Amino acid sequence: MSPYNQKQVIYLIRSPLSLRDFKRYDVQNWIDNGWKVKVFDIARFLSPKFWSYLDGDKLSINFEGLTIFHNINEILSAISNLQNKVVFLDYIGFSTTEIKIRKIASMHGILIKTRLGSVPLPETKINFLNLFSLIIHPINFVNKFTSFIKHKVEKIRSNKCLPDYLVVGGSKSMSGINDKKTSIIKAHNFDYDFFIEKKQIIPNKKSNSLVFLDEDGPYHSDFYYTKIKPFTTADKYYPVIDLGLDKIANSLKLNIKIAAHPRSNYNVKKIKYKHPTIKNETFELIKDADVVVGHSCTALQLAIIMKKPIIFVTTDEIQNESYAKPYAKLIDHFATTLGKRVINLSNLSNIHNWRDYLNVDEEKYEKYIETYIKTKGSPEKLISNIIIEHIEKDLLL
């Protein structure tokens with residue numbers, strides 16, 4: 001007889017439960033499948049400054065199953081007092097605090113982690129010029145070094161904290177898995193769920209649009225959380241992007257549309273794009289676009305699935321400043337993976353025909369999908385349905 005005598009799932013999260021995340025995690029689908037759902041959010045006490053920067057109280061949706069904890073003792077007590085074994089969807093990290101929470105959770109149910117949404121990452125090599133630049137800027141050096149050590153420690157910890165189940169999307173996400181201790185659930189990344197939901201993708205032929213995928217670069221909350229200097233600065237970045245998009249759009253006779261990053265808030269920013277931004281409509285904008293322009297965000301994967309022409313772009317700041325070097329390498333590697341060249345919007349004098357950059361190498365696009373987006377042979381179902389069916393079968397629910 002299974003010790004799991006009721007359908008109860010608890011999400012463990014480390015950032016505010018926004019409406020976007022509520023939909024992305026497909027919370028409602030678990031409820032619709034007869035599961036009692038709770039969300040345990042530790043962001044307020046894990047990183048108070050990050051919570052304040054995001055205005056976590058305002059960003060969090062009004063969901064009766066959500067509990068926002070004020071300290072670690074509260075959540076440890078809540079988990080310890082659970083009357084039945086439950087399923088934990090583990091979206092927390094590997095800090096000392098989070099490991100304590102995970103350890104208690106593992107005593108009261110099974111842990112499911114996801115490894116979804118990866119992008120091509122270049123190999124990291126020591127660059128002595130960059131190292132020297134960091135040394136002569138001690139604050140940047142301390143922040144970078146601290147972040148590096150933290151990342152290494154958390155990676156070691158992640159290899160030791162093996163979940164009961166790991167949900168993977170793409171062959172790359174399956175590397176280094178100990179499948180003798182962890183059960184693998186083959187699925188796809190979150191963006192692919194859009195295609196499952198829509199079932200049929202019919203683009204708007206009259207759109208005549210160029211869509212730029214904003215990454216909220218100068219203002220992104222992740223930089224605030226990690227204490228790393230943003231890869232771009234507002235006064236240098238936005239004017240160059242505006243001018244570059246104008247030139248591309250004029251050449252191709254297309255209208256410019258900017259898909260704002262989901263966590264951006266340009267209404268309160270003084271320095272921003274001169275073009276209007278459109279928020280929470282990225283899928284539709286890409287679907288109707290003639291051309292997609294971007295750097296290296298995961299939303300580019302929607303364009304790859306839809307076989308859209310992609311123009312990868314950079315700027316002088318990204319290419320030349322020491323704090324942006326990792327970003328420049330990421331953009332270049334992403335473009336190379338798809339057989340593309342990166343265009344520097346700070347220097348467009350030598351480009352006369354933008355149509356030369358609109359090629360779609362379908363073989364490379366398909367290879368990308370198999371490597372980074374959808375595991376070969378995985379079901380054509382929502383991620384949540386794949387997990388639910390797998391768990392209900394294993395736990396006899």
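Before any of the text, the structure's been laid out above.
A quick note: this is a predicted structure, and the numbers were derived from the prediction, not measured. Here, residues in each chain are numbered from 1, in the same order as that chain's written sequence. Per-residue local features are limited, in this predicted model, to residues with pLDDT of at least 70; the limit for side-chain atom pairs, both in listing and counting, is 80 or more; totals at the level of whole chains, interfaces and linings are taken over all residues. The side-chain quantities take in all heavy atoms of the structure and omit both hydrogens and water.

Enquirer: Explain empty space enclosed by the protein residue by residue, including any values.
Expert: Points on a 1 Å grid over protein atoms alone make up a cavity when a 1.4 Å probe fits among them but cannot get out, and a pocket when they form an open set with protein on both sides within 12 Å along at least five of seven lines; lining residues each have an atom within 4 Å of a point. Grid points are joined across faces, edges and corners, and a volume is the space filled by probe spheres set on the points. Scanning the model with the defined rule gives two cavities of 30 Å³ or more in all. Considered as a void within the structure, the second largest cavity measures approximately 60 Å³ in volume. Lining the second largest cavity are Tyr11, Arg24, Tyr25, Asp26, Trp30, Leu89, Tyr91, Phe190, Asp193, Ile383, Ser384 and Ile387. The element best represented in the lining of the second largest cavity is helix H18 (residues 383–394), accounting for three residues. In the lining of the second largest cavity, the residues fall into eight nonpolar, one polar and three charged. By the criteria applied, helices consist of DSSP H or I runs no shorter than four residues and strands consist of E runs no shorter than two, each listed in order from the N terminus. Side-chain classes are defined by residue name, with Ala, Val, Leu, Ile, Met, Phe, Trp, Tyr, Cys and Pro counting as nonpolar, Asp, Glu, Lys and Arg as charged, and the others, Gly among them, as polar.

Enquirer: Can you break down the packing of aromatic side chains residue by residue, with the values?
Expert: Each aromatic ring pair is characterised by the separation of its centres together with the angle its planes make. Think of it this way: a Phe, Tyr or Trp ring, Trp meaning its six-membered ring, pairs with another when their centres are within 6.5 Å, and the plane angle makes it stacked under 30 degrees, edge-to-face over 60, tilted otherwise. This model, assessed by the stated rule, comprises 22 aromatic pairs. On the numbers, 5.2 Å between centres and 20° between planes, the contact of Phe231 with Tyr327 is stacked. Here the residue Phe231 occupies a position in the loop between helix H11 (221–226) and helix H12 (234–252), and Tyr327 occupies one in helix H16 (residues 325–337), the gap between them amounting to 96 residues. Comparing Phe231 with Tyr327, the two get one shared label, buried. Between Tyr238 and Tyr266, the ring centres sit 6.0 Å apart and the planes meet at 90°, which makes this aromatic pair edge-to-face. With a gap of 28 residues between them, Tyr238 in helix H12 and Tyr266 in the loop between strand S9 (255–260) and strand S10 (277–279) connect regions that are remote in the sequence. Each member of the pair, Tyr238 as well as Tyr266, carries the same accessibility label: buried. Taken together, the aromatic side chains of Phe212, Tyr219, Tyr237, Tyr238, Tyr266 and Tyr273 make up a single cluster linked through ring pairs. Only protein chains enter the accessibility calculation, which uses a 1.4 Å probe; a residue is then buried when its area is under 20% of its type maximum, exposed when over 50%, and partly exposed in between.

Enquirer: Go over the sheet that holds S9, please, and point to the residues and values.
Expert: The rule for pairing is simple: two strands pair if DSSP sees at least two bridges between them. Strand order in this open sheet of six strands is S10-S9-S8-S11-S12-S13, and the pairing throughout is parallel. Both edges of this open sheet fall to S10 and strand S13 (342–344), since each of them pairs with a single strand only. Put simply, the sheet's adjacent strands are angled 35° from each other on average, direction ignored. Sheet analysis places strand S12 (residues 310–314) next to S13, joined by three bridges and oriented parallel. By the bridge assignment for S13, Val313 is matched with Ile343. To get an axis, fit a line to the C-alpha atoms, keeping to the stretch in contact for a helix; angles then go from 0 to 180 degrees between the N-to-C directions.

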